[in-house]
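Remarks on the overall topology
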Amino acid sequence: MRVFIGKLSVRQFLALVCFFLPAFIYAQSSVQSAVMQNYTFSYSIVEAETESVEFFELARNEILSKAPLNGGIIYALWMPAEKSADAPFAGLSVNQMGLMLAWPNDALQQVDALNQALQSIDSVATVSTRLFEAIYLPAGLSVPTMGGFYVHREAKYKLEDVDEAVRLSIEAWETWEPHWGVTVIGLFRELGITADFANLNRIVWYPSYDAWRATRNNDDVESANRFRQRRGLRIPDSDSGIAIATDRILP
């Protein structure tokens, strides 16, 4: 899932995100859980051709300062996180940024329009955006945590096992979060999959990479047992369980 942006087109990209659709509202407060039925989330990764600190500075100073797009909400902007070189995570690379938007279901056609516009920018090679529905979103359309270490982990389950995997997750998090001082941001299910499995993506905040490492030896018995049961439901293929690590670009 890559979007390539050269030095000369970084500002073009930011201007596009800020002004392409005329009435976008940035999410800054919690929304009732009913939002899970009313919104669909797009998840894209933007990759610059060169390593560019300026890219993230512009994102912070320009994208987040605008009130731009029509019918959608900027849910989160993800940036590379500090971690050990041997950490078991894919991306984000230093020249990548994740862009996650929440769209009212009656405005989903805007996602295709945004993709087409992105593809028209000079130096853009590909645009690949996936759509997700929220299964568990305790803070609504706000992200309640600040900077830190966000793990985005995907896992595949048989359709008949999805409800059980979700139940085990939510029950485990009740003790796991306060035990370790971490926060589950949300659990999302990928849309548009025609195979006989479901792909779930959970996003969890840790204060740091070291805090994430500490949780690997989970001594919270209640959550450890439920996580073990959940692992038993996961489809054991090469893509299931893949994770990326990010930080968050703050408003």
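Residues numbered from 1 in each chain as written. Predicted model: local features only at pLDDT ≥ 70, side-chain atom pairs only at ≥ 80, totals over all residues. Heavy atoms only, no water.

Named according to an unreviewed UniProt entry, the chain is NIPSNAP domain-containing protein originating from SAR86 cluster bacterium.

**A word on the overall build of the chain**
Within the chain, the secondary structure is distributed over seven helices and ten strands. Restricting the contact set of the chain to residue pairs at least 6 apart, pairs at least 24 apart contribute 85%. Only carbon and sulfur atoms are counted for the fraction: they give 49% of the accessible area of the chain, which is about 11,700 Å². (Helix = DSSP H or I, 4+ residues; strand = E, 2+ residues; numbered from the N terminus. Contact = heavy atoms within 4.5 Å. Areas by Shrake-Rupley, 256 points an atom, 1.4 Å probe, with all protein chains shown as cover.)

**Thoughts on the side chain of threonine 246**
Within the secondary structure layout, threonine 246 lies in strand 10 (residues 243-248). Residue classification places threonine 246 among the buried residues on the basis of a relative accessible area of 0%. Within the structure, threonine 246 has its side chain in polar contact with the side chain of histidine 152 (distance 3.0 Å). Setting aside residues up to four positions removed in sequence, threonine 246 forms contacts with Trp78, Met79, Ala81, Leu92, Gly148, Phe149, Tyr150 and His152. (Buried < 20%, exposed > 50% of the residue type's maximum accessible area, 1.4 Å probe, protein only. Polar contact = N/O pair within 3.5 Å; in protein donor to acceptor, adjacent residues only side chain to side chain.)

**A word on the pairing of strand 4 (residues 73-80)**
The buried count for strand 4 comes to eight of eight residues, which makes it a mostly enclosed element. Direction of pairing for strand 4 relative to strand 5 (residues 96-104): antiparallel, over a ladder of five bridges. Of the residues in strand 5, the one forming a bridge with isoleucine 74 is leucine 101. Relative to strand 10, strand 4 runs antiparallel, the two sharing three bridges. Pairing of tryptophan 78 across the sheet is with arginine 248, part of strand 10. (Pairing = 2+ DSSP bridges.)

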